[in-house]
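Here is how the chains run, residue by residue.
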Amino acid sequence: MINRYLKDLASLFFPKTCAGCDAPLVHGEKLICTSCWYHLPFTLSHDNAGNLSTGQSASFLYLLGSSRVQRIIHQLKYHNRPEIGTLLGEKYGTVLHEITPFNEADVIVPVPLHPGKLRKRGYNQSAFFAQGLSHSMRKPIVSECLIRHRVTESQTTKNRYERYQNMESAFRLNDAEAVAGKHVLLVDDVLTTGATLEACSTVLLAGGAMKVSAITIAKAL
Ligand SMILES: [Zn+2]
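Note that the structure is a prediction, hence the values are computed from the model and not measured.

Rules and cut-offs
Residues numbered from 1 in each chain as written. Predicted model: local features only at pLDDT ≥ 70, side-chain atom pairs only at ≥ 80, totals over all residues. Heavy atoms only, no water. Pairing = 2+ DSSP bridges. Helix = DSSP H or I, 4+ residues; strand = E, 2+ residues; numbered from the N terminus. Axes fitted to C-alpha atoms, helices over the stretch in contact; angles between N-to-C directions. Contact = heavy atoms within 4.5 Å. Donors = N, O, S within 2.8 Å, 3.2 Å for Na, K, Ca; no water. Tetrahedral: all angles 85-135°; square planar, octahedral: opposite > 155°, others 65-115°. Buried < 20%, exposed > 50% of the residue type's maximum accessible area, 1.4 Å probe, protein only. Core = buried A, V, L, I, M, F, W, Y, C linked by side-chain atoms within 4.5 Å. Domains from an automatic or database assignment. Left-handed = near helix turned anticlockwise from the far one by under 90°. Nonpolar A, V, L, I, M, F, W, Y, C, P; charged D, E, K, R; others polar. Expected span 1.5 Å × (residues − 1).

(A) Quick look at the sheet that holds strand β7 (residues 211-220). Read across the sheet, 5 strands follow the order β1-β2-β7-β6-β3 without closing on themselves; strand pairing throughout is mixed. This sheet does not close on itself; its edge strands, each paired only once, are β1 (50-52) and β3 (107-110). Strand after strand, the sheet turns through a mean of 30° between neighbouring axes, direction not considered. Bridging between β3 and strand β6 (residues 183-191) involves 4 bridges; their strand directions are parallel. Bridging across to β6, V109 finds its partner in L186. Along the sheet, helix α7 (residues 125-137) contacts β3, β6 and β7; its crossing angle with β6, the most-contacted strand, is approximately 130°.

In structure tokens form, the structure reads like this:
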């Protein structure tokens, strides 16, 4: 009770704001305000399921420029608010719990950040998204399963094949035993070209995973 009082009091002086629209959050709202939740461009996962060459993928939200989703992702990645990832993972997990093939996965594997980037940012936003998914889908996370061993060069001047090769050589399987014979749910923040997910899937499958499905917070349009 006193805790609640202190928290409310603290929020008078340091009001928490919505990650999507910057409006002050009211009692009962967490990270994202009710209005933003109402207006977010949710994909319908069963319609949205796309095909990577290695398996199916689905995204929770569509990402458009200068949008709520863009602001939310920006807060998640650059403003030290990893708990946004966990919240989105929990919400999306309750949807995916009903959707095949995602609900058939055995383990969850977040796409790693390059160690240098991880040090700088202090956290891997995809790992926090994975934690939320793990909680609501009741599936274990295998962390440190993949290793990202160099910064990916700029992708913009490369053609599709070069991009793919460049990406694939950036990941290595660190723990083959943890995924051997398993259906892996690969988790990342934003799906753009699909090169990252394809590269990770290829490495996982080559290392003995039975199947890979992929999930992202948002899909760039
Ligand atoms: Zn809002």
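Here the narrative resumes.
(B) Representation of the coordination of the zinc ion. Surrounding the zinc ion are the protein donor atoms C18 (SG), C21 (SG), C33 (SG) and C36 (SG), at 2.3 to 2.4 Å. Each of the 4 donor atoms around the zinc ion contributes to a set of angles spanning 106 to 112°, which defines the coordination as tetrahedral. Linear spacing of the donor residues for the zinc ion on their chain is C-x2-C-x11-C-x2-C. Linking C21 in the loop between α1 (2-13) and α2 (34-39) with C33 in the loop between α1 and α2, this pair joins segments that are 12 residues apart in sequence. We classify C21 as partly exposed; its relative accessible area is 34%. Classification of C33 as buried rests on a relative accessible area of 6%.

(C) Seen up close, the nonpolar core. Core analysis: the largest hydrophobic core is formed by 36 residues, its most contacted members being I32, L88, Y92, F129, L133, I215 and I217. For this core, the secondary-structure elements that each account for two or more residues are α2, β2 (55-63), α4 (68-78), α5 (83-96), α7, β6 and β7. In terms of residue count, α5 provides more of this core than any other element does, 5 residues in total. Taken domain by domain, the makeup of this core includes at least three residues from each of domain 1 (1-39) and domain 2 (40-220). Setting aside its immediate chain neighbours within four residues, F129 contacts G85, T86, L88, G89, Y92, V187, D188, I215, T216 and I217. Residues A178, A195, L204 and A209 belong to the second largest nonpolar core, which totals 25 residues.

(D) Quick peek at the packing of α5 against α7. Orientation of α5 relative to α7, taken along the N-to-C sense of each, is 40°, at an axis distance of 6 Å. Considering how the two elements wind past one another, α5 and α7 form a crossing that is right-handed. Taking contact as the criterion, the partners of G85, T86, L88, G89, E90, Y92, G93, T94 and L96 in α5 are, on α7, F128, F129, Q131, G132, L133, H135, S136 and M137. In terms of residue class, the contact of α5 with α7 is made up of 7 nonpolar, 9 polar and 1 charged.

(E) Examining α5 more closely. An ideal rise of 1.5 Å per residue puts 20 Å on 14 residues; α5 measures up with 20 Å between its terminal C-alpha atoms. Taken together, the buried positions of α5 are I84, G85, T86, L87, L88, G89, Y92, G93 and L96.

So yeah, pure geometry; function would need other evidence.
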